[in-house]
Amino acid sequence: MYLKKVDIKEFKKVIFREYKKIFPRLERKLYMTLKKSYNHHMTDIIEIIEEEKFVGFIITNFQKDNPFVQLEYIAILSEYRNKGYGTNAIKLLKELYKDYEGIFIEIEKIGEGKSDEENQIRQKRENFYEKLGFRKMGFDLELYKIMYSPYILPCSKNEFSNEKAIKYFFEIYNATLGKRRVKKNYKIIR
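Parameters and conventions
Residues numbered from 1 in each chain as written. Predicted model: local features only at pLDDT ≥ 70, side-chain atom pairs only at ≥ 80, totals over all residues. Heavy atoms only, no water. Helix = DSSP H or I, 4+ residues; strand = E, 2+ residues; numbered from the N terminus. Rg over C-alpha atoms; globule rule 2.2 N^0.38 Å. Buried < 20%, exposed > 50% of the residue type's maximum accessible area, 1.4 Å probe, protein only. Contact = heavy atoms within 4.5 Å. Areas by Shrake-Rupley, 256 points an atom, 1.4 Å probe, with all protein chains shown as cover. Lys, Arg positive; Asp, Glu negative; His and termini not counted. Charge placed at Lys NZ, Arg CZ, Asp CG, Glu CD. Salt bridge = Lys/Arg side-chain N within 4 Å of Asp/Glu carboxyl O. Pairing = 2+ DSSP bridges. Right-handed = clockwise from strand over helix to strand, strands pointing away. Expected span 1.5 Å × (residues − 1). Arc of directions from axis to C-beta. Axes fitted to C-alpha atoms, helices over the stretch in contact; angles between N-to-C directions. Left-handed = near helix turned anticlockwise from the far one by under 90°. Core = buried A, V, L, I, M, F, W, Y, C linked by side-chain atoms within 4.5 Å.

Participant: Go over the overall build of the protein chain, please, and point to the residues and values.
Facilitator: If you tally the helices and strands in the protein chain, you get 6 helices and 9 strands. What you see for the protein chain is a C-alpha radius of gyration of 16 Å, in line with the 16 Å of a compact globule of 190 residues. The dimensions of the protein chain, computed from C-alpha atoms along their principal axes, are 45 × 40 × 35 Å. Burial analysis of the protein chain (190 residues in total) assigns 51% to the buried set. Taking all contacts inside the protein chain whose residues are at least 6 apart in sequence as the whole, residues at least 24 apart take part in 63%. Surface exposure of the protein chain reaches about 10,800 Å², of which carbon and sulfur atoms provide 49%. Taken together, the 39 basic and 28 acidic charged side chains of the protein chain have centroids lying 5 Å from each other.

Participant: I'd like to hear about the pattern of salt bridges, residue by residue, with values.
Facilitator: In total, this model carries 13 salt bridges according to the counting rule given. One salt bridge in this structure joins Glu-171 and Lys-167, with 2.9 Å as the shortest N-O distance. Placement of both Glu-171 and Lys-167 in helix H5 (residues 162-177) is noted, with a separation of 4 residues, approximately one turn of the helix. On the basis of relative accessible area, Glu-171 is assigned to the partly exposed category, the value being 30%. Bridged by salt links that share partners, the residues Glu-108, Glu-118, Arg-122 and Arg-125 form one connected network.

Participant: Help me get a handle on the pairing of strand S5 (residues 102-108), residues and values and all.
Facilitator: The buried fraction of S5 amounts to 7 of the 7 residues, a majority that puts the element mostly inside the structure. Of the two faces of S5, the one carrying Gly-102, Phe-104, Glu-106 and Glu-108 and the one carrying Ile-103, Ile-105 and Ile-107 are both buried. As defined by bridge partners, strand S4 (residues 68-76) adjoins S5 across 3 bridges and the pair is classed as parallel. Bridging from a neighbouring strand, Phe-68 pairs with Gly-102 of S5. In terms of handedness, the path from S4 via helix H3 (residues 85-96) over to S5 forms a crossover that is right-handed. Pairing between S5 and strand S8 (residues 146-154): 7 bridges, direction antiparallel. Residue pairing in the sheet places Glu-108 in a bridge with Tyr-148 of S8.

Participant: Just give me the short version of helix H4 (residues 116-131), but keep the residues and values in it.
Facilitator: The end-to-end C-alpha distance of H4 is 22 Å, a good match for the 22 Å that 16 residues give at a rise of 1.5 Å each. Here H4 has its buried residues at Asn-119, Arg-122, Glu-126 and Tyr-129. Across the axial projection of H4, the buried residues extend over an arc of 85 degrees, all falling on one side. Exposed and oriented more than 90 degrees from the buried face of H4 are Asp-116, Glu-117, Gln-120, Lys-124 and Lys-131. Buried residues in H4 make contact with S4, H3, S5 and S8. In the stretch just after H4, Gly-133 is the one whose phi turns positive, near 105 degrees.

Participant: Describe the packing of helix H1 (residues 8-22) against helix H2 (residues 31-39), naming the residues involved and giving the relevant values.
Facilitator: The N-to-C vectors of H1 and H2 enclose an angle of 145 degrees; their axes lie 12 Å apart at closest approach. In terms of crossing hand, the pair formed by H1 and H2 is right-handed. Within the contact between the two elements, H1 uses Ile-8, Phe-11, Lys-12, Phe-16 and Tyr-19 and H2 uses Tyr-31, Leu-34, Lys-35, Tyr-38 and Asn-39.

Participant: Tell me about the nonpolar core, and name the residues and values.
Facilitator: Counting 42 residues, the largest nonpolar core has Phe-11, Tyr-19, Phe-57, Ile-58, Leu-71 and Phe-134 as the members making the most contacts within it. The dominant element in this core, judged by the number of residues it contributes, is S4, at 6 residues. Contacts of Leu-71, omitting those with residues within four sequence positions, involve Ile-58, Ile-59, Thr-60, Ile-90, Leu-93, Ile-103, Phe-104, Ile-105, Tyr-129 and Phe-134. Of all hydrophobic cores here, the second largest spans 19 residues; its members include Phe-68, Ile-166, Ile-172 and Tyr-173.

Take a look at the structure:
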């Protein structure tokens, strides 16, 4: 298995249809928003390939001189799920971004789902990331009125504080979404 960075045209041609199927409308960025951050060299679009077959994708955000990478989306196509592709993709992603201090992700907060089933899915997601070495940060984030727990997968031996992480996370959010949108919709909950 390997990861292959692709351009925005390939995203539109191959990945976008799957992206729209997998992620609910409220969880997806608009195509133009992704295209803009890609064109400003702040977004990587990555295909997950197994034996020359497209099995999933990853979308990350980053900035020059920012020690963290945001894992914004990871998805394995339904017919390839529960076969270890997600685990292997995260391991390869960590190697790809080995020069960064860490990769962060936001996971919807457990216990705040609308049903027991949703909370079980959130718990399964948390277990998956923790098994791969992601560590829960000491704060939560409210993003568009939904509570998230941020996690970091360390890529280096450098230690970082919650305050340092918050600063850099918000730099990525501001760069990829715009300061006005972030100020209105992103809050730190301690």
